[in-house]
Every structure is written in structure tokens, then in C-alpha cells.
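Below are the chains, spelled out letter by letter.
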Number of protein chains: 2
Amino acid sequence: MTDDCPPTTDGKCPVETALELIDGKWKGVALFHLLDKTLRFNEIRRRIPNVTQRVLTRQLRELEQDGLIIRTVYAEVPPRVEYRLSPLGETLRPIIVALWNWGTAYKARQIEESEAA
Amino acid sequence: MTDDCPPTTDGKCPVETALELIDGKWKGVALFHLLDKTLRFNEIRRRIPNVTQRVLTRQLRELEQDGLIIRTVYAEVPPRVEYRLSPLGETLRPIIVALWNWGTAYKARQIEESEAA
DNA sequence: ACGTATAGTGACCGTTTGGATACTAATGGA
DNA sequence: TCCATTAGTATCCAAACGGTCACTATACGT
């Protein structure tokens, strides 16, 4: 079963296909925050320290183009733009949650190790 | 719960931490093949069309340095090098499997769409 | 005697990526 | 009146990354 990596249409392994869509330094984290609820641009930004406006914009646009999130622009001033998961993006939930759990355990393990020294 | 992205030691979200380790064009796929069984270098290579020797070597070394896989060199000629998941790497199994499942469903959906045209 | 297989390494290159900085518009608050 | 806020865009830069090509050693089969 796990040996099965058939060349469907593009010859790519499904694992590769999936990873391509969340590939981008901040995409995974952005999706994670959107699991919770719809967020405005700056709300996402504030939840991700160290990301620049320029880069976050690009990542969100790519997620939108790939159909994982939905971007809604309200014709107001100052501008209001809301981001939320699309139905397709919603199907990523188990993966994002799994990543969060794994990362959390990994970090905990690291702290244990450093304290054991 | 999903709102929780605490700055543990490095200020990174656990999702980011997890993704960093499997970040690399072929790492996910390589891990996927290793879920099944221990493989020699060229066995992995043959399962991943389009990857070059140079690049695959680098990705595998990084996975080794991050403690996700174990590389065993046998002092033989011609050389024999075996790769297998480490205990830590083994804990990635649910994630890799989830990625495979998701990617498979995604591709199936794409085929449906193209046939509906 | 020759070619093949193994698991690499070294030098180099081009594109992609992320990031720094500065700029925009119109509104609401002090 | 002045400044902050909003969600961007424009320009430019440096580093990272994937990829190409050539090369290595030794044993085995023909």
C-alpha cells in the first residue's frame, strides 16, 4: 500500500502533490490560524511574527490561487480584506492539526533533552 | 486550542517547526518510501523519477542530520548504504500517510473535473 | 580487456525565494 | 492639524535551492 506511488497524470507522488501546495515558508502557519476562524490580513500578520507584509501577501495569494483559501475584499476605507478556508482548504485540517501536534511534541522533547544536560 | 501558537523557545509555531523538517523538494516522498521498509540509495532513487543523485544525497543527509532517518554504510565494494526511518522519523508516519491520502483525493478530484468538461 | 553497478563528491549555474525599504489611498481619532 | 490604520504595490537585493555535468573507487560478469 505504501509502496504505491502511481503516475496518475503528472507522474508525481501524491505526497509531493500535497506538499507542493503548502510549500512556502509561512503557508502552513497561515492555514493553521485560519482553522480557527476568518481573519483579516493584519490579524494573520500579527499572529505570525517575523513575516513581512510583502511576503505574507504573496503566500496568501498563492493559497487563494490554489483554491485553499477564499479572499474577500470589502469596498471600504480603510480597506478590509478577509481570509477564510475554502471547502478544499478545510479538508487540510487533519494534516495541519497533525503537524501542530507533532511539532509540539518535538519541541517538548527538545526541552527535555536540554534540561537533562 | 487552534489559536495557541506559543513562543516556546524559538518563537516558532509548532506547525512551522514540523514543516521545516520535511521542507525540501524530495524529502516527503523519500520518507514516504521509507515507511515501507529499509531501502538502499539507488532503490530510493529509482522510486523517485526526476531526482538527481546529487540532490537526493543532500536531502537524505539533511534528514539524517535532523534525526529522521538512519544511514548505515557497509564497508563493501561496490558500496552499500541503507536508509531507514529512525524512531523519531517513525512518528511522522501519520503525517506522511495523511499527506498521501489527501494528495490522492486531490488528484482524483482533478481528474473528475477534467472529465466533466 | 572492457563495461557496469554502487554511492557518492566537486565545481558551477540559474532561478526562485524570502526579505528590506519605501511608497500609496482615504478615513477616523487626538 | 497631524498621525495612525488599512491592505496593499514597486524596486531592489542576497541567499538558498535545485539541477547539470564531470569525476572517483573497486569488484564482478563477459
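Residues numbered from 1 in each chain as written. Chains lettered and ligands numbered in written order. Predicted model: local features only at pLDDT ≥ 70, side-chain atom pairs only at ≥ 80, totals over all residues. Heavy atoms only, no water.

- The name that an unreviewed UniProt entry assigns to chain A is DNA-binding HxlR family transcriptional regulator, with the source organism given as Kaistia dalseonensis.

## Examining the sheet that holds strand β1 (residues 39-40) of chain A
Residues and elements named next belong to chain A.
Phase 1: Read across the open sheet, the three strands follow the order β1-β3-β2; overall the sheet is antiparallel. Only two strands of the sheet have a single neighbouring strand rather than two, namely β1 and β2 (69-74).
Phase 2: Bridge count for β1 against strand β3 (residues 80-85) is two bridges, and the pairing is antiparallel. Among the inter-strand pairings, Arg40 is bridged to a residue of β3, identified as Glu82. (Pairing = 2+ DSSP bridges. Helix = DSSP H or I, 4+ residues; strand = E, 2+ residues; numbered from the N terminus.)

## So, the relation of the copies chain A and chain B
Phase 1: Structural alignment of chain A on chain B gives an RMSD of 0.0 Å, achieved by rotating through 180 degrees and translating 0.0 Å along the axis. In short, the pair behaves as if placed about a two-fold rotation axis. Minimal C-alpha distance to the rotation axis in chain A is attained by Ile95(A), lying at 3.2 Å.
Phase 2: The fraction of interface residues of chain A whose copies in chain B are also interface residues reaches 100%, indicating that both copies meet through the same surface. (Least-squares fit on C-alpha atoms with pLDDT ≥ 70 in both. Contact = heavy atoms within 4.5 Å.)

## What to know about the pairing of β3(A)
All names here are of chain A.
Phase 1: Judged from the six bridges that link them, β2 and β3 form a sheet pairing that is antiparallel. When the bridges of β3 are listed, Thr72 appears paired with Glu82.
Phase 2: Hairpin connection from β2 to β3: five residues lie between these consecutive antiparallel strands.

## Remarks on helix α6 (residues 93-115) of chain A
Phase 1: The terminal C-alpha atoms of α6(A) lie 33 Å apart, and with 23 residues this matches the ideal 33 Å at 1.5 Å per residue to within 8%.
Phase 2: Taken residue by residue, α6(A) has Ile95(A), Ile96(A), Leu99(A), Trp100(A), Trp102(A), Gly103(A), Tyr106(A) and Lys107(A) as its buried positions.
Phase 3: In this structure, the buried side of α6(A) is in contact with α2 (27-36) of chain A together with α1 (14-21), α5 (87-90) and α6 (93-115) of chain B. (Expected span 1.5 Å × (residues − 1). Buried < 20%, exposed > 50% of the residue type's maximum accessible area, 1.4 Å probe, protein only.)

## Details of the interface of chain A and chain B
Phase 1: In this complex, chain A contributes 39 residues to the contact, which on the side of chain B involves 39 residues.
Phase 2: Taking both partners together, chain A and chain B bury about 4100 Å²; carbon and sulfur atoms supply 71% of that area.
Phase 3: Across the chain A-chain B interface, the total number found is two salt bridges.
Phase 4: Of the charged contacts, one joins Asp10(B) and Lys107(A) as a salt bridge, the two residues approaching to 2.6 Å between their closest N and O atoms.
Phase 5: Where chain A touches chain B, the interface holds six residue pairs in polar contact (both at pLDDT 80 or more).
Phase 6: The set of elements that each furnish at least two residues to the side of chain A that touches chain B consists of α1 (14-21), α2 and α6 of chain A.
Phase 7: Tallying contributions element by element places α6(A) first for the side of chain A that touches chain B, with 11 residues. (Buried area = accessible area lost by both parts, 1.4 Å probe. Salt bridge = Lys/Arg side-chain N within 4 Å of Asp/Glu carboxyl O. Polar contact = N/O pair within 3.5 Å; in protein donor to acceptor, adjacent residues only side chain to side chain.)

## Some details on the packing of α2(A) against α6(A)
All names here are of chain A.
Phase 1: One can describe the packing of α2 onto α6 by two numbers: an axis separation of 10 Å at closest approach and a directional angle of 110 degrees. With respect to their mutual orientation, α2 and α6 come out roughly perpendicular. Taken together, the residues of α6 that come into contact with α2 (itself represented by Gly28, Leu31, Phe32 and Leu35) are Arg93, Ile96, Val97 and Trp100.
Phase 2: Residue composition of the contact of α2 with α6, by class: six nonpolar, one polar and one charged. (Axes fitted to C-alpha atoms, helices over the stretch in contact; angles between N-to-C directions. Parallel < 35°, antiparallel > 145°, perpendicular 65-115°, else oblique. Nonpolar A, V, L, I, M, F, W, Y, C, P; charged D, E, K, R; others polar.)

## Concerning the protein's contact with DNA strand D
Phase 1: Of all residues adjacent to DNA strand D, which total 22 residues, the nearest are Gln53(A), Arg61(A), Arg71(A), Tyr83(A) and Arg58(B).
Phase 2: Each atom of DNA strand D within 4 Å of the protein was classed as base or backbone; sugar and phosphate made up 64%.
Phase 3: Between DNA strand D and the protein, one listed contact pairs a base oxygen with a side-chain N or O atom of Arg54(A) at 2.9 Å.
Phase 4: At a separation of 2.7 Å, a base nitrogen of DNA strand D approaches a polar side-chain atom of Arg58(B).
Phase 5: Looking at the surface near DNA strand D, the elements that each hand over two or more residues are α3 (41-47), α4 (53-65) and β3 of chain A together with α4 (53-65) of chain B. (Near = heavy atom within 4 Å.)

## Regarding unusual backbone geometry
Phase 1: In this model, Val77(A) is joined to Pro78(A) through a cis peptide bond whose omega is 0 degrees.
Phase 2: Residues other than glycine seldom take positive phi values, yet Asn50(B) does so here, at roughly 80 degrees.
Phase 3: Within the secondary structure layout, Asn50(B) lies in the loop between α3 (41-47) and α4.
Phase 4: Given a relative accessible area of 69%, Asn50(B) falls into the exposed group.

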